[in-house]
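For reference, the chains in residue letters:
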Amino acid sequence: MFGTLYLRYNVMELSKNFQHKEAEQQWYAHWEKKGYFKSTPDDREPYTIVMPPPNVTGILHMGHALNNSVQDILIRRAKMMGYNTCWVPGTDHASIATEAKVVGMLRDRGIDKKNLSREEFLKYAWEWKEEYGGIILSQLRKLGCALDWDRTTFTLDDDYYASVIRVFVDLYNKGNIFRGVKMINWDPKAKTALSDEEVNHKQMNSKLTYVKYRIDSEKEEYITIATVRPETILGDTAVCVHPEDERYAHLKGMYCFVPIINRRVPIIFDEYIDKEFGTGALKVTPAHDINDYNLGQKHNLQVIDTINEDGTMSSDAGKYEGLDRFVVRKKIVEDLKELGLVVKEEDYVNQVGFSERTDVVIEPRLSMQWWCKMGELAKPAIDAVADNDIDFHPGKFKNLYRHWMENIKDWCVSRQLWWGQRIPAWYDTEGTIYVAETAAQAHAQYQSKKPALAAQHAELRQEEDVLDTWFSSWLWPMEVFGWNKNPENAELNYYYPTNTLVTAPEIIFFWVARMIMAGYEFKGGLPFKEVYFTGIVRDKQGRKMSKSLGNSPDLLKMIDDFGADVVRFSVMICSPAGNDVLFDEAGLEQGRNFCNKMWNAMKLVKGWETRCEDDLDDTQVRFAMDWMDARLAQVSGEVAELMKDFKLSEGLKTVYSLIWNDFCSWYLEWVKPAQDQPIATSIYERTINIFEQLIQLLHPFMPFVTEDIYHILRERADGDDLIQKQLPAYQAPDAEMLKAGSMLQEVISAVRDTRNKNQLKPKEVINLGIDTQDKAFYERTMDILRKQVNATDITFTNEAKAGTLSIVVQTDKIYIDAPNATVDTVAQKADMEKDLIYLKGFVASVEKKLLNEKFVQNAKPEVIENERKKHADAMDKIKAIEESLK
RNA sequence: GGAAGCAUAGCUCAGCUGGUUCAGAGCAUCUGCCUUACAAGCAGAGGGUCCGCGGUUCGAACCCGUGUGCUUCCA
């Protein structure tokens, strides 16, 4: 492997640009081979992240790229800070999504799920999983993720399965799990119940249809209701009005007929009704609306279920039986029109629930399901976040969390699917339930409870339903470390609680809240210490990236074209902390250019290697090196602060600017020897050291290019890899050096600006006369200054020379003499006059402040001191300008 | 209908406890340069009523009230 390295890194053959494809492959394999991603408990402090397991059916999209880049950055940085880092990968069995995929695959092969037994179906499902599942894990490698692959976990692994069953039984025994009929969200495509969290509400343009119901009386009299779901009319078992609605007061105790099927139903009165909505009369369909259901309970109404589990009409729908609900919606309105019962139709905007998984319209449906009571589980989890035992970033999600947790409802945990953990409940012939971890244990319960029945009918029937996928994911941080086998095992005790959970705010209820509850309930403590919520990835126009909009870019192609580093850069650079991510492909170019910049800087520096001479004097550029060290120290501190606050995007920008502006644009230009000139070995060595530290700061963000450059800069011993190089301890930057450095930059920029404004070509030589109190500064930096502004003579002077351009930097007066060009000194003077006017105004405002008694009384002493200093500085500058204008 | 958040340069965003020459950065734009690593580059410049209105304060981008607009979550 180092053979190929050597070839690629032969200086003479260094490519024009950074070659991401080779580098990525090479370094990921190297890191893996070296075992850098692996973690075993030792005496270091652990830093642990469990990756939110993507669906086993998933392929890498923008959300994953963001989420996992963030985690990788945190992990890699923690590793450099000396932690024993452990990042656990895995996938989620995603019951609904996967079962849908498998059903689709079977259909393509001409197999109908209905004709398969559970065992046969599961065999196919596992086959599918082995062949197509988990593609995303290999895609995460491409992104460069430093995951401990030996710990890869699947939520349907045997041990994982057992832990889910154990938790179910435990909660059942504690009385938290029960079975009951309730109104649930039914997904007619997946044919399963969903939890409230799995329903997305979207605004829809609907029609509000006004329909007349004939009242059962001598006269021909009608009551008109308004509905957006005419197809449910067939399930109506009442019409309801407000008790104080005078329009309907005379109908007390009367009945009306449901059109088409002519069912005689009561007119009931309830304060639930909104008198203003529609006609103030509501058709009540207890089987198909949660509010109607509640009304029905209260008023003892019949429940008639007119919709089948696949969304077609049931036998109770009479002649519409077998037709789809949306077909019937139209047809029934036509039929009602023919009967003359439609009063009018109005456009109406309402919220409609869609399945999070299959995106079909949810059907509220009454059904027998398994439920988990959440109230008790929620209590410690509420406190954990309120007391900041678990820290949320950004903090705004704390409120959201608390609000939801305080109003938490029972969790519908059963799903009418086969792919998942089968609910460990068995029924005897009389319908009694036995919940146990194994069939044998259930039988034992049965034997002891009903020996007579057991003797007659030995068989128990197991519940067909499986558990909600989230009922397994909520154990993730515990179970990836083998909680089920041994809840006190050494690994679990070392890595748990994990440090940081990085996830999307959309699953704060699905997953985050439930993991916290599970952590306290089953492990007796919090699952992670902090949660970082990334933003939602949107396109440039602010639209959420989604398959249906087709606005999410092809990540793998992007990685292929630009490289993982660039993709990571482009995602992170537009990810402001706590805000959504407006992904702009322009970031790809910026990232590519950045790689190119570093690559070329490396080529420049590397090119000096053969020009090194030990005895050369380096005092001329010592200023540059000392300044760069100071900047490095300063920015390292800034980055550390930013990372602590999860301001990763800011952190990246800061390092980017340090490398591009400070290092490439200033430093390298300052130390660069003239063409074909030798360079002092000491400068070369120190420059390499600086370069190393720079790319080390960047490494967590862009691991490949940095590791690659690290190895080209110097020949490295086996095991000397950037990924595991430890960050140096924080050093306070040399403040004097920083100040001097920016002064030099200011002088250079001011001279260049003046050159530009006077159309002095870069090649045009100038002379500088400098009037300053601080000659030492200019003596120290004179060579750099000369080179940077293309000056030949730099001399000290005490007076303005006629025909020169004068500028003032801080309080130094600089006279620019261009011997071979004509310059417009008048325009230059006018510019300075403008500065003067501004400064005088500024001084006046500061004076006003200082003369204001209230200010002097109330302001903090250091603020006043500052104002005085501002005043003095401005006065000095005014003086300098006035003198140079003479 | 309930709740939260946001509004600063053309775009995306920083701006801490009200006071630093505080109005900033990156991208985009404009001008000049193929200058001995990089034109995927270099040097420089121009862009803002800090959403409107009112208040608190010696002092407000920042605190309070209010209006407007946008976004998200919940029902």
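Everything quoted here is computed from the prediction, not taken from an experiment.

## Topic: the overall build of chain A
Per the secondary structure count, chain A includes 29 helices and 31 strands. Rg of the C-alpha trace for chain A: 37 Å, well past the compact-globule value of 29 Å for 886 residues, more than 25% over. Taken along its principal axes, the extent of the C-alpha atoms in chain A is 115 × 65 × 55 Å. Across the 886 residues in chain A, those meeting the buried criterion constitute 53%. Within chain A, the 136 negative side-chain charges are centred at a point lying 2 Å from the centre of the 111 positive side-chain charges.

## So, the pattern of salt bridges
Here the structure, examined in full by the defined rule, presents 57 salt bridges. Across the salt bridge formed by R229 and E363, the nearest N and O atoms sit 2.8 Å from each other. A residue pair is termed long-range when its members are at least 10 positions apart, and R229 in the loop between strand 8 (222-227) and strand 9 (238-241) and E363 in strand 14 (residues 363-372) qualify at 134 residues. The partner of E669 in a salt bridge is K672, with the nearest N and O atoms 3.4 Å apart. K672 gets classed as partly exposed once you look at its relative accessible area, which sits at 30%. What you see here is one network of salt bridges that share partners, running through E685, E692, R714, R716, D720 and K725.

## A look at the protein's contact with RNA strand B
What surrounds RNA strand B is a group of 44 residues, the closest being N596, K597, N600, L839 and K870. Near-protein atoms of RNA strand B (within 4 Å) split between backbone and bases, with sugar and phosphate holding 61%. Note that a base nitrogen of RNA strand B is positioned 3.3 Å from one of the backbone N or O atoms of A601. Y656 has a polar side-chain atom sitting 3.5 Å from a phosphate oxygen of RNA strand B. Those elements giving two or more residues to the surface near RNA strand B turn out to be helix 20 (586-607), helix 22 (648-671), helix 25 (735-757), helix 27 (825-851), helix 28 (853-858) and helix 29 (861-885).

## A short note on the packing of aromatic side chains
The final tally for this structure, using the stated rule, is 42 aromatic pairs. With centroids separated by 4.7 Å and ring planes inclined at 65°, the aromatic side chains of F594 and Y656 adopt a geometry described as edge-to-face. With F594 in helix 20 and Y656 in helix 22, this residue pair connects regions lying 62 residues apart in the sequence. Given a relative accessible area of 0%, F594 falls into the buried group. The interplanar angle of 45° and the centroid separation of 6.3 Å between the aromatic rings of F623 and W670 together place this pair among those described as tilted. Taken together, the positions of F623 in helix 21 (residues 619-644) and W670 in helix 22 put the pair 47 residues apart, joining distant regions of the chain. Classification of W670 as buried rests on a relative accessible area of 0%. An aromatic cluster is defined as three or more aromatic residues linked by ring pairs; in this entry it consists of F168, Y172, W370, W411, F471, W474, W483 and F522. Directly above the ring of Y222 sits K212, whose terminal nitrogen or CZ lies 4.5 Å from the centroid. Cation over ring: R264 sits above Y255, and NZ or CZ is 4.0 Å from the ring centre.

## A few points about the packing of helix 10 (residues 375-386) against helix 11 (residues 397-406)
The N-to-C vectors of helix 10 and helix 11 enclose an angle of 165°; their axes lie 10 Å apart at closest approach. With respect to helix 11, the axis of helix 10 lies roughly antiparallel. Seen along the crossing, helix 10 lies across helix 11 with a hand that is left-handed. Only K398, Y401, M405 and E406 of helix 11 make contact with helix 10, whose side of the interface consists of A378, A381, I382 and V385. For the contact of helix 10 with helix 11, a count of residues per class yields six nonpolar, no polar and two charged.

## Notes on the pairing of strand 29 (residues 791-796)
Bridge count between strand 28 (residues 766-771) and strand 29: four bridges; the pairing is parallel. Residue pairing for strand 29: L768 is matched across the bridge by I794. A crossover links strand 28 with its parallel partner strand 29, the connecting element being helix 26 (residues 775-789), and its sense is right-handed.

## A closer look at the sheet that holds strand 31 (residues 812-817)
Overall, mixed pairing links the four strands, which are arranged 29-28-31-30 in an open sheet. Taken across any chain shown, the strands that pair with only one partner, and hence form the sheet edges, are strand 29 and strand 30 (805-809). Across the sheet, the mean angle separating the axes of adjacent strands is 20° when strand polarity is ignored. Packed on one face of the sheet, helix 26 meets strand 28, strand 29 and strand 31 and runs near 165° to strand 29. Relative to the sheet, helix 29 contacts strand 30 and strand 31, its axis offset from that of strand 30 by approximately 170°.

## A look at the packing of helix 18 (residues 555-562) against helix 19 (residues 564-573)
Taken N-terminus to C-terminus, the directions of helix 18 and helix 19 make an angle of 120°; their axes are 7 Å apart at the nearest point. When the interaxial angle is binned, helix 18 and helix 19 end up oblique. Residues L555, M558, I559 and F562 of helix 18 pack against A564, V566 and V567 of helix 19. The class makeup of the residues in the contact of helix 18 with helix 19 is seven nonpolar, no polar and no charged.

## Observations regarding the pairing of strand 8
Counting buried positions along strand 8 yields five of six residues, so the element is predominantly enclosed. The pairing of strand 7 (residues 199-215) with strand 8 spans six bridges and is antiparallel. Bridged to V211 within strand 8 is I225. From the end of strand 7 to the start of strand 8, which pair antiparallel, there are six residues.

## Focus: the nonpolar core
Side chains that are nonpolar tend, in soluble globular proteins, to be buried together. With 129 residues, the main nonpolar core has Y667, L768 and L785 as its most contacted residues. Examining the composition of this core, we find that 13 residues originate from one element, helix 22, more than from any other. When residues no more than four places from it in sequence are discounted, the contact partners of L768 are V751, L785, V789, A791, D793, I794, T795, I814, Y815 and I816. Grouped together as the second largest cluster of nonpolar side chains are 64 residues, L377, F471, W483 and I507 included.

How each quantity is defined
Residues numbered from 1 in each chain as written. Chains lettered and ligands numbered in written order. Predicted model: local features only at pLDDT ≥ 70, side-chain atom pairs only at ≥ 80, totals over all residues. Heavy atoms only, no water. Helix = DSSP H or I, 4+ residues; strand = E, 2+ residues; numbered from the N terminus. Rg over C-alpha atoms; globule rule 2.2 N^0.38 Å. Buried < 20%, exposed > 50% of the residue type's maximum accessible area, 1.4 Å probe, protein only. Lys, Arg positive; Asp, Glu negative; His and termini not counted. Charge placed at Lys NZ, Arg CZ, Asp CG, Glu CD. Salt bridge = Lys/Arg side-chain N within 4 Å of Asp/Glu carboxyl O. Near = heavy atom within 4 Å. Polar contact = N/O pair within 3.5 Å; in protein donor to acceptor, adjacent residues only side chain to side chain. Phe/Tyr/Trp six-rings, centres within 6.5 Å; stacked < 30°, edge-to-face > 60°. Lys NZ or Arg CZ within 6 Å of the ring centre and 35° of its normal. Axes fitted to C-alpha atoms, helices over the stretch in contact; angles between N-to-C directions. Parallel < 35°, antiparallel > 145°, perpendicular 65-115°, else oblique. Left-handed = near helix turned anticlockwise from the far one by under 90°. Contact = heavy atoms within 4.5 Å. Nonpolar A, V, L, I, M, F, W, Y, C, P; charged D, E, K, R; others polar. Pairing = 2+ DSSP bridges. Right-handed = clockwise from strand over helix to strand, strands pointing away. Core = buried A, V, L, I, M, F, W, Y, C linked by side-chain atoms within 4.5 Å.

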